[in-house]
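What follows is the residue order along each chain.
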Amino acid sequence: MPQPLSLSIAQARRLALAAQGFAPRPRQSVLAPTHLLQTVQRLGVVQIDSVNALVRSHYLPLFSRLGDYPQALFDELAWGRGRQRKLFEYWGHEASLMPLALYPAMAWRMARAAQGKGIYKELARFGVEQKTVVARVLDTVRERGALGAGSLSTRQERAGPWWDWSAEKHALEWLFAAGLVTVAGRRGFERLYDLPERVLPGAVLKRPALEVGEAHRQLLLHAATALGVATERDLRDYFRLDPGDARRHLAELVEDRQVQRCEVQGWRQPAYCLRQVRIPRQVDASALLSPFDSLVWERDRTERLFDFRYRLEIYTPAHKRVYGYYVLPFLHGERIVARVDVRAARAAGELRVLAVHEEAGGLDEAALQGLAVQLKAMAVWLGLARVRVECQRGHGLQGLVD
């Protein structure tokens, strides 16, 4: 039996960065929808999150990889009409946007959800116990077209916290998980639901659903392509696959020689990569990353790859936070060298830097210059007039962003 491919941690980083779209590439003077679509297709899944302290998180991964682009182009890909729409919303890695090509690979998850499996227990129980409400809501959507949950609610009392859903919201979310409705668009951040046949291209809906095993193999292979190098747990986490399913179908991909086992310096678990890999000699990246970017969303892998322990503090009480509310990792070269707490102060027209926390090794002059460039570019992209550094540890950053 041949020896598995052996990678140094530096090689693993470069392979991962290249797979995620951070390898050197020709810069486009004008970004077209095709450039955005190619990036999403490479990633396979872009996570959605409601926090808007800076910008909705699904816009950030493309900025990190492509630079300044019109957000309206992304909106057209995600929620445009007819041929403009190239993405769909579903439970990929949490709530996500995915390329339409992956729609048949999600049919098994929709079928399981319809049976009350693989979704939140409360939602599954609602689908079984409240079939009358579900049928009424589906009939209303069928008759009236794209609707938000608020326009359907029959509750008289004021809603409580965001998880205090009305019966109609529960019904819509169950129908969405089961694939009986899809997201036609958004009003602000509120989902508007409609029938798939009125939203998605007919050619997509006519494609046969993939058999469960084939769907899992396709998703695992896409994860291996997007991650570059990963453990079995990393691969299944990418599309949130069950452990038993993932292990079985990953073994099939290895047996079919589409994926190979490999060893990564310092990793305790076996790793996997594509059969044919090309490792760049160097990656000269510079990017501020969304907390929900697929490069860093699996925290254990981020620590193994970059020696960077990253935890969200959005829901941590302010007095217990270590780094800040909305902290972006700063990737420079092949390392994550700092974390930057930033906020878009839209009324003041400012991108505010509330904290800069350097990692071991610190920010050298090149990294500090790179951070300034990224902050200025982000301000322009967000339509903000200036960058304002409000922390003492900015190390002369204000002078570089003026």
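In the block above lies the structure referred to throughout.
As the structure is a computational prediction, the values presented were derived from the model and not from experiment.

Draft legend 1. Structural context of the pairing of strand 3 (residues 87–92). Burial analysis of strand 3 places five of its six residues in the buried class, the great majority of the element. Of the strand pairs in this sheet, strand 3 and strand 4 (residues 94–99) are connected by six bridges, and their pairing is antiparallel. Paired with Gly92 across the two strands is Glu94, which belongs to strand 4. What sits between the antiparallel neighbours strand 3 and strand 4 is a turn of one residue.

Draft legend 2. Expanded view of the sheet that holds strand 2 (residues 46–47). Strands sit in the order 2-4-3 across an open sheet of three strands; the sheet is antiparallel. Pairing within the sheet leaves two strands with one partner each, and these edge strands are strand 2 and strand 3.

Draft legend 3. Here's a closer look at unusual backbone geometry. Positive phi outside glycine occurs at Arg240, with the angle close to 55°. Looking at the element boundaries, Arg240 is found in the loop between helix 12 (232–238) and helix 13 (243–255). Despite not being glycine, Asp307 shows a phi value in the positive range, around 55°. You can see Asp307 is positioned in the loop between helix 14 (299–306) and strand 11 (327–333). Judged by relative accessible area, Asp307 falls into the exposed class, the value being 63%.

Draft legend 4. Here's a closer look at the environment of Gln3. Within the secondary structure layout, Gln3 lies in the segment before strand 1 (5–7). Residue classification places Gln3 among the exposed positions, given a relative accessible area of 71%. Gln3 sits 66 residues away from Tyr69 along the chain, and the two C-alpha atoms are 45 Å apart.

Draft legend 5. A look at the packing of aromatic side chains. In total, this model carries nine aromatic pairs according to the counting rule given. Seen from their ring centres, Phe88 and Tyr103 are 5.0 Å apart, and the 75° between their planes marks the pair as edge-to-face. Placement of Phe88 in strand 3 and of Tyr103 in the loop between strand 4 and helix 5 (107–114) is noted, with a sequence separation of 15 residues between them. On the basis of relative accessible area, Phe88 is assigned to the buried category, the value being 1%. A relative accessible area of 12% places Tyr103 in the buried class. Ring geometry for Tyr90 against Phe176: centres 5.6 Å apart, planes inclined by 65°, an arrangement best described as edge-to-face. With Tyr90 in strand 3 and Phe176 in helix 8 (residues 167–177), this pair connects stretches of sequence that are 86 residues apart. Judged on exposure class, the residue Tyr90 and its partner Phe176 are both buried. The ring of Phe189 has Arg186 sitting right over it, with the charged end atom 4.3 Å from the ring centre.

Draft legend 6. Broad picture of the nonpolar core. The biggest cluster of nonpolar side chains holds 111 residues, and the ones touching the most others in it are Leu54, Phe74, Phe239, Leu351, Leu375 and Met378. In terms of residue count, helix 15 (residues 365–381) provides more of this core than any other element does, eight residues in total. Grouped together as the second largest cluster of nonpolar side chains are 25 residues, Ala12, Phe22, Leu289 and Leu305 included.

Calculation notes
Residues numbered from 1 in each chain as written. Predicted model: local features only at pLDDT ≥ 70, side-chain atom pairs only at ≥ 80, totals over all residues. Heavy atoms only, no water. Buried < 20%, exposed > 50% of the residue type's maximum accessible area, 1.4 Å probe, protein only. Helix = DSSP H or I, 4+ residues; strand = E, 2+ residues; numbered from the N terminus. Pairing = 2+ DSSP bridges. Phe/Tyr/Trp six-rings, centres within 6.5 Å; stacked < 30°, edge-to-face > 60°. Lys NZ or Arg CZ within 6 Å of the ring centre and 35° of its normal. Core = buried A, V, L, I, M, F, W, Y, C linked by side-chain atoms within 4.5 Å.

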